[in-house]
Amino acid sequence: MKIKWLGHATFEIQTGNKHVFIDPFITENPKSPIKLDDITDADLICVTHDHFDHLGDTITLSKNTGAPVACIFELGMHLQEKGVKVEAMNKGSFTKINDILVSLTLAQHSSQFGNPVGILLNIENKMVYHAGDTSLFKDMELIRDLYQPDVAMLPIGGYYTMGPKEAALAVSFIKPKIVIPIHYGTFPILEQSPDSFIKEAEKISPDTKIMILEIGETVTI
Ligand code: NI
Ligand code: MN
């Protein structure tokens, strides 16, 4: 699969001819490398919670492409009222949507419509865990025990989420093969560089590969 970081918490994952978006925050993202109109193909949009920097362009992108939005039930009901095609799920286990296996999982954060979540995607027999916005919580070990994530996308920017120290400990709970730090540098209030996260994580989780992506960079996994 190809994993493209579009800055902040936004990813495009391509597997075969399927395109999955997570938290498509593009138009209002000062660091976005693309414009919304650049996206012509989407098969699934996963949204972790309704804050503007995650819900982002979800409504327009879904309407433009016909891609359903997988999200927590209450947010799904809210989006459905706006004419959006939804998979209004809840946390617990995997569901196949447009041939993509997706599960919602715990995140410790806040939101207006329903609980915030993390996203698990089982693609090409690899497990991708996007933590959404969250503080550190010990049940990340349960995600490790159940699903053994190959890739974990973790917020490190602080103020709204884990900072570098907490995110480094999260890596030791999840033990992914690869960690991609996210949710930093977008706004002045967030941690601007991944350096202290790298230093902490290398110290306590030497077996995990830390992948620092440039905004707009694609990696194949
Ligand atoms: Ni948030
Ligand atoms: Mn956020």
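The structure presented is a predicted model; accordingly, all values stated were derived computationally and were not measured.

1. Re the overall build of the protein
- Assigned secondary structure in the protein consists of six helices and 14 strands.
- Taking 2.2 N^0.38 as the reference for a compact globule, 221 residues should give roughly 17 Å; the C-alpha atoms of the protein span a radius of gyration of 16 Å, in line with that estimate.
- With the C-alpha coordinates aligned to their principal axes, the bounding extent of the protein is approximately 50 × 35 × 35 Å.
- Here the protein, with 221 residues, has 56% of them falling under the buried criterion.
- Residue pairs in contact within the protein that sit at least 24 positions apart in sequence constitute 58% of those at least 6 positions apart.
- For the protein, the accessible surface area stands at approximately 9600 Å², while carbon and sulfur atoms represent 47% of it.

2. Some points on the pattern of salt bridges
- The full count for this structure, using the stated rule, is three salt bridges.
- In this structure, aspartate 99 engages lysine 18 in a salt bridge whose closest nitrogen and oxygen atoms are separated by 4.0 Å. Here the residue aspartate 99 occupies a position in the loop between β7 (95-97) and β8 (100-106), and lysine 18 occupies one in strand β3 (residues 18-22), the gap between them amounting to 81 residues.
- One salt bridge in this structure joins lysine 138 and glutamate 141, with 3.7 Å as the shortest N-O distance.
- Lysine 138 gets classed as exposed once you look at its relative accessible area, which sits at 52%.
- Taking the relative accessible area as the measure of exposure, glutamate 141 reaches 30% and is therefore partly exposed.

3. Here's the deal with the coordination of the manganese ion (ligand 2)
- Protein ligation of the manganese ion (ligand 2) involves Asp53 (OD), His54 (NE2), Asp133 (OD) and His183 (NE2), the donor distances falling in the range 2.1 to 2.2 Å.
- Each donor residue of the manganese ion (ligand 2) lies on one chain, and together they are spaced D-H-x78-D-x49-H.
- If you look at the manganese ion (ligand 2) and the nickel ion (ligand 1), they sit 3.4 Å from each other and are both ligated by aspartate 133. Of the two residues, aspartate 53 sits in helix α1 (residues 52-55) while aspartate 133 sits in the loop between β10 (126-130) and α4 (140-147), which places them 80 residues apart along the sequence. Like aspartate 53, the residue aspartate 133 is buried in the burial classification.

4. Side note on a nonpolar patch on the surface
- Taken together, the side chains of Tyr159, Tyr160 and Ile189 present a nonpolar region at the surface, about 360 Å² in accessible area.
- Exposure remark for tyrosine 159: the relative accessible area of 63% places this residue in the exposed category.

5. Let's talk about the coordination of the nickel ion (ligand 1)
- The nickel ion (ligand 1) binds to the protein through His49 (NE2), His51 (ND1), His109 (NE2) and Asp133 (OD); the donor distances cover 2.2 Å.
- Considering all four donor atoms around the nickel ion (ligand 1), angles at the metal cover 90 to 176° and the coordination shape is irregular.
- Here the donor residues of the nickel ion (ligand 1) are spaced in sequence according to H-x1-H-x57-H-x23-D.

6. Describing the packing of aromatic side chains
- One pass over the structure, following the stated rule, counts six aromatic pairs.
- Ring centres of phenylalanine 25 and phenylalanine 52 lie 5.8 Å apart, and the angle between their planes is 85°; this geometry places the pair in the edge-to-face category. Here the residue phenylalanine 25 occupies a position in the loop between β3 and β4 (44-46), and phenylalanine 52 occupies one in helix α1, the gap between them amounting to 27 residues.
- For phenylalanine 25, a relative accessible area of 1% puts it in the buried group.

7. A look at the sheet that holds β3
- Read from one edge to the other, the open sheet built from seven strands follows the order β6-β5-β4-β3-β2-β1-β14, with strand pairing classed as mixed. Lying at the two open borders of the sheet, with one neighbouring strand each, are β6 (86-89) and β14 (218-220). Adjacent strand axes in the sheet meet at a mean angle of 20° when their direction is disregarded.
- The pairing of strand β2 (residues 11-15) with β3 spans five bridges and is antiparallel. By the bridge assignment, phenylalanine 11 is partnered in β3 with isoleucine 22.
- Set on the sheet, helix α2 (residues 58-65) makes contact with β3, β4 and β5 (69-72); between it and β4 the angle comes to about 170°.
- Running at roughly 130° to β5, helix α3 (residues 73-81) makes contact with β5 and β6 of the sheet.

The rules we used
- Residues numbered from 1 in each chain as written.
- Chains lettered and ligands numbered in written order.
- Predicted model: local features only at pLDDT ≥ 70, side-chain atom pairs only at ≥ 80, totals over all residues.
- Heavy atoms only, no water.
- Helix = DSSP H or I, 4+ residues; strand = E, 2+ residues; numbered from the N terminus.
- Rg over C-alpha atoms; globule rule 2.2 N^0.38 Å.
- Buried < 20%, exposed > 50% of the residue type's maximum accessible area, 1.4 Å probe, protein only.
- Contact = heavy atoms within 4.5 Å.
- Areas by Shrake-Rupley, 256 points an atom, 1.4 Å probe, with all protein chains shown as cover.
- Salt bridge = Lys/Arg side-chain N within 4 Å of Asp/Glu carboxyl O.
- Donors = N, O, S within 2.8 Å, 3.2 Å for Na, K, Ca; no water.
- Patch = residues over 30% accessible without salt bridge, like charges linked within 9 Å, V, L, I, M, F, W, Y side chains within 5 Å.
- Tetrahedral: all angles 85-135°; square planar, octahedral: opposite > 155°, others 65-115°.
- Phe/Tyr/Trp six-rings, centres within 6.5 Å; stacked < 30°, edge-to-face > 60°.
- Pairing = 2+ DSSP bridges.
- Axes fitted to C-alpha atoms, helices over the stretch in contact; angles between N-to-C directions.

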